Amino acid sequence: MTIAAPPQTPTVRNYINGQWQAPSNSTEHLDVVNPATGEPLACVSLGGDQEIAAAVDAGTAAFPAWRRTPPEDRIQYLFKLKQLLEEHIDELARTITLENGKTLTEARGELRRAIENVEVACGIPILMQGYNLEDVARGIDEMMIRQPLGVVAAITPFNFPAMIPFWFLPYAIACGNTFILKPSERVPLTMQRAFELIESTGIPHGVVNLVNGGKAAVNALLDHPAVRAISFVGSTPVAKYIYARAAQSGKRMQCQGGAKNHVVVLPDADMQQATQIIGESAFGCAGQRCLAVSVAVTVGEAQKTFRDTIAEAASSMRVGSGLEPDVQMGPLITGESKARVESLIAQGASEGAKILLDGRNARIPKHEAGNFVKPTILDRVPQESKLTHTEIFGPVLSLVPADNLDDALDFLARSPYGNQASIFTTSGAAARRFRYEAPAGNVGINIGVAAPMAYFPFSGWKDSFFGTVHGQGRDAIEFYTDKKVVIERWAREHSRKF
């Protein structure tokens, strides 16, 4: 909710050119709310366009010296940051849980993946190397070298306040770029604390900048001519908007969009293992992750066996505040998200699905103001239902029957998304065929969440990704550097052959 009156909670600050600054726009704010309790934690300005200009100026000024800093020296700041993140992991996890709602266990897991990306980026002295060949002609040598772009930026979502910014920040600065982060206005506190840790590494002013804000800040990044590249993670409609607008000014873009992730369960699968893994994937983080399984395609006899086991497992999940030690699933991020998810459950029922487990109207003792939807299972969702291609982004698992693997793969192929797909089977032949034919960028074999390690790219196909190279690993080096080919002659004689 936006307000015009002065906020009653602390205002989230920006970090620009090595200085913490209050936002210049004080007329429009958004409350940062604990989704488990409804308690306001802070407020964030929805402006940010003026701060973006200042951050770009700071990054531009810092870039010449930073790009000339040897890679071995640049990564020393990342080594320090890794140690600080390790030391403060519990504090950061609590902040994530307070503003996002996920459990402390999930928050710690998220931070482990963030730290993993810092570790991989410390390999830049090797990862950023080019290649060369002597005597491409007599006395002429040729080489390819990599150089940083300049000022780059990332716009990140609410569902992983720490991990997703670190898909980009460590690689960008290790490659010699300067960096601007615009985190989600829903969850700005985690990165505010992370930037305090980054500041304590002693990194030069202007190399990293943090600007909070809303659409004005986003548009300022998209339109600024000095911003060379932008990374984005969010919904597909917003990804399309950001990709199109930034491309008009020639920026390099990588935009991770939405998803509708499928898991195929064959009759020969280990049902106990499949149930546990798929349940964690579908309902972990309250279903608010781009790799969450949202549709289980049950083949043949698996339609009944998997249906019964997943319903039993989901009904026993403990839902509540993520700060409580025994809780397995927290709330949705906002009341609007809760209302949307509940309306989609009703839509699925109206289109012919049977509500096997109904998580609507959840009441959690002592947390009645929280945005809770309990695990929900919709059985026999018709393949023509709109729900089969709608990203619910909540703890809702749809069960879609299929006669055989051919039908299951045909169903997956009709999805507009291509982020992740998994199969559960004990058949090597079926697994290999699925790996070969599944129309998704991240594929799991007896894995519910095919989340790549930091040294592999976070892939995605179709309407789940817009760009050419992805985040993490070697793709990150490709994205954050320009290739330059240099041809040198040092011989006195001149020869030319055709």
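These numbers were taken from a predicted model, which means no experiment stands behind them. (Residues numbered from 1 in each chain as written. Predicted model: local features only at pLDDT ≥ 70, side-chain atom pairs only at ≥ 80, totals over all residues. Heavy atoms only, no water.)

Let's talk about the overall build of the chain
Link 1 in the chain: A count of helical and extended segments in the chain gives 15 helices and 23 strands.
Link 2 in the chain: For 498 residues, the compact-globule formula gives about 23 Å, and the C-alpha radius of gyration of the chain, at 24 Å, lands near that figure.
Link 3 in the chain: Projected onto the principal axes, the alpha-carbon positions of the chain cover approximately 80 × 65 × 40 Å.
Link 4 in the chain: In the chain, which comprises 498 residues, the share counted as buried stands at 56%.
Link 5 in the chain: Contacts in the chain between residues far apart in sequence, at least 24 positions, make up 73% of those at least 6 positions apart.
Link 6 in the chain: Of the accessible surface of the chain, which amounts to about 20600 Å², a share of 52% is contributed by carbon and sulfur atoms. (Helix = DSSP H or I, 4+ residues; strand = E, 2+ residues; numbered from the N terminus. Rg over C-alpha atoms; globule rule 2.2 N^0.38 Å. Buried < 20%, exposed > 50% of the residue type's maximum accessible area, 1.4 Å probe, protein only. Contact = heavy atoms within 4.5 Å. Areas by Shrake-Rupley, 256 points an atom, 1.4 Å probe, with all protein chains shown as cover.)

Some thoughts on a nonpolar patch on the surface
Link 1 in the chain: A cluster of nonpolar residues, Met453, Tyr455 and Phe456, forms a patch on the protein surface that exposes about 320 Å² of accessible area.
Link 2 in the chain: Along the polypeptide, Met453 turns up in the loop between β20 (442–445) and β21 (461–462).
Link 3 in the chain: Judged by relative accessible area, which is 34%, Met453 ranks as partly exposed. (Patch = residues over 30% accessible without salt bridge, like charges linked within 9 Å, V, L, I, M, F, W, Y side chains within 5 Å. Salt bridge = Lys/Arg side-chain N within 4 Å of Asp/Glu carboxyl O.)

Here's the deal with helix α3 (residues 89–100)
Link 1 in the chain: Over its twelve residues, α3 extends 16 Å from the first C-alpha to the last, a length consistent with the 16 Å expected when each residue adds 1.5 Å.
Link 2 in the chain: Burial in α3 covers these residues: Ile89, Leu92, Ala93, Thr95, Ile96, Thr97, Glu99 and Asn100.
Link 3 in the chain: Looking at the packing, one finds that the buried side of α3 touches β4 (29–33), β5 (40–45), α2 (71–87), α4 (104–121) and α7 (189–200). (Expected span 1.5 Å × (residues − 1).)

Let's talk about helix α14 (residues 428–437)
Link 1 in the chain: Among the residues of α14, those classed as buried are Ala430, Ala431 and Phe434. Down the axis of α14, the smallest arc covering the buried residues is 100°, so these residues share one side. Residues of α14 that are exposed and point more than 90 degrees away from the buried face comprise Gly428, Ala429, Arg432, Arg435 and Tyr436. (Arc of directions from axis to C-beta.)

Overview of the packing of aromatic side chains
Link 1 in the chain: Within this structure, the stated rule accounts for nine aromatic pairs.
Link 2 in the chain: A centroid spacing of 6.1 Å and a plane angle of 85° characterise the contact between Trp167 and Phe168, whose relative ring orientation is edge-to-face. For the pair shown, Trp167 and Phe168 are each scored as buried.
Link 3 in the chain: Relative to Phe466, the ring of Tyr243 lies with its centre 6.3 Å away and its plane at 45°, an arrangement referred to as tilted. (Phe/Tyr/Trp six-rings, centres within 6.5 Å; stacked < 30°, edge-to-face > 60°.)

Here we look at the sheet that holds strand β15 (residues 354–357)
Link 1 in the chain: Read from one edge of the open sheet, seven strands run β15-β16-β17-β14-β13-β19-β20, paired in mixed fashion. Either end of the sheet is taken by a strand with one partner, and the two such strands are β15 and β20. Shown here is a sheet whose adjacent strand axes are inclined to one another by a mean of 20°, direction ignored.
Link 2 in the chain: Across five bridges, strand β13 (residues 261–265) lies against strand β14 (residues 293–299) in parallel orientation. The residue of β14 that forms the bridge with Asn261 is Val293.
Link 3 in the chain: Across the sheet, helix α11 (residues 302–315) touches β13, β14, β15, β16 (376–379) and β17 (396–402), and the angle it forms with β14 is around 145°.
Link 4 in the chain: In this fold helix α13 (residues 405–413) packs onto β13, β14, β17 and β19 (420–424), with an angle of close to 155° to the strand it touches most, β14. (Pairing = 2+ DSSP bridges. Axes fitted to C-alpha atoms, helices over the stretch in contact; angles between N-to-C directions.)

Topic: the packing of α2 against α4
Link 1 in the chain: α4 packs onto α2 with a crossing angle of 160° between their chain directions and a minimal axis gap of 9 Å. Between α2 and α4, the angle is such that the two are roughly antiparallel. The interaxial crossing formed by α2 with α4 has left-handed handedness. Between α2 and α4, the residues in contact are Ile75, Leu78, Leu81, Lys82, Leu85 and Glu86 and Arg112, Ile115, Val118, Glu119 and Ala121, respectively. (Parallel < 35°, antiparallel > 145°, perpendicular 65-115°, else oblique. Left-handed = near helix turned anticlockwise from the far one by under 90°.)

Observations regarding the pattern of salt bridges
Pairs can form between side chains of opposite charge whenever their charged atoms are close.
Link 1 in the chain: By the definition in use, this model includes 22 salt bridges.
Link 2 in the chain: For the salt bridge of Arg360 with Asp358, the shortest nitrogen-to-oxygen distance reads 2.8 Å.
Link 3 in the chain: Here Arg360 falls in the partly exposed class, since its relative accessible area comes to 25%.
Link 4 in the chain: With its nearest N and O atoms 2.8 Å apart, the salt bridge here joins Lys483 to Glu478.
Link 5 in the chain: Overlapping salt bridges bring together Arg13, Glu91, Arg193 and Glu196 as one network.

Focus: the pairing of β4
Link 1 in the chain: Inspection of the sheet shows β4 paired to β5 by five bridges, in the antiparallel sense. Its bridge partner being in β5, Val32 is matched across the sheet by Ala42.
Link 2 in the chain: Linking β4 to β5, which pair antiparallel, is a turn of six residues; within it Gly38 sits at a positive phi near 80°.

Quick notes on the confidence of the model for the chain
Link 1 in the chain: Looking at the chain, the pLDDT average stands at 95 and 97% of residues meet or exceed 70.
Link 2 in the chain: Counting contacts from residues 1–6, a segment whose pLDDT is below 50, to residues more than four positions away or on other chains yields twelve contacts. (pLDDT = per-residue confidence, 0-100.)

Some words on the sheet that holds strand β6 (residues 131–137)
Link 1 in the chain: A sheet is described by the order of its strands in space; here three strands give the open sequence β6-β7-β23, paired in antiparallel fashion. Single-partner strands in this sheet number two, and they are β6 and β23 (481–489). Strand-to-strand twist in this sheet, taken as the mean axis angle between neighbours without regard to direction, amounts to 25°.
Link 2 in the chain: Inspection of the sheet shows β6 paired to strand β7 (residues 140–148) by four bridges, in the antiparallel sense. Bridge pairing in β7 links Leu133 to Glu142.
Link 3 in the chain: Relative to the sheet, helix α15 (residues 473–480) contacts β7 and β23, its axis offset from that of β23 by approximately 70°.

Observations regarding unusual backbone geometry
Link 1 in the chain: One non-glycine residue, Asp135, adopts positive backbone phi at about 55°.
Link 2 in the chain: Tracing the backbone through its elements, the reader meets Asp135 in strand β6.
Link 3 in the chain: A positive phi angle is found at Cys285, which is not glycine, with a value near 55°.
Link 4 in the chain: Structurally, the position occupied by Cys285 is in the loop between α10 (271–283) and β14.

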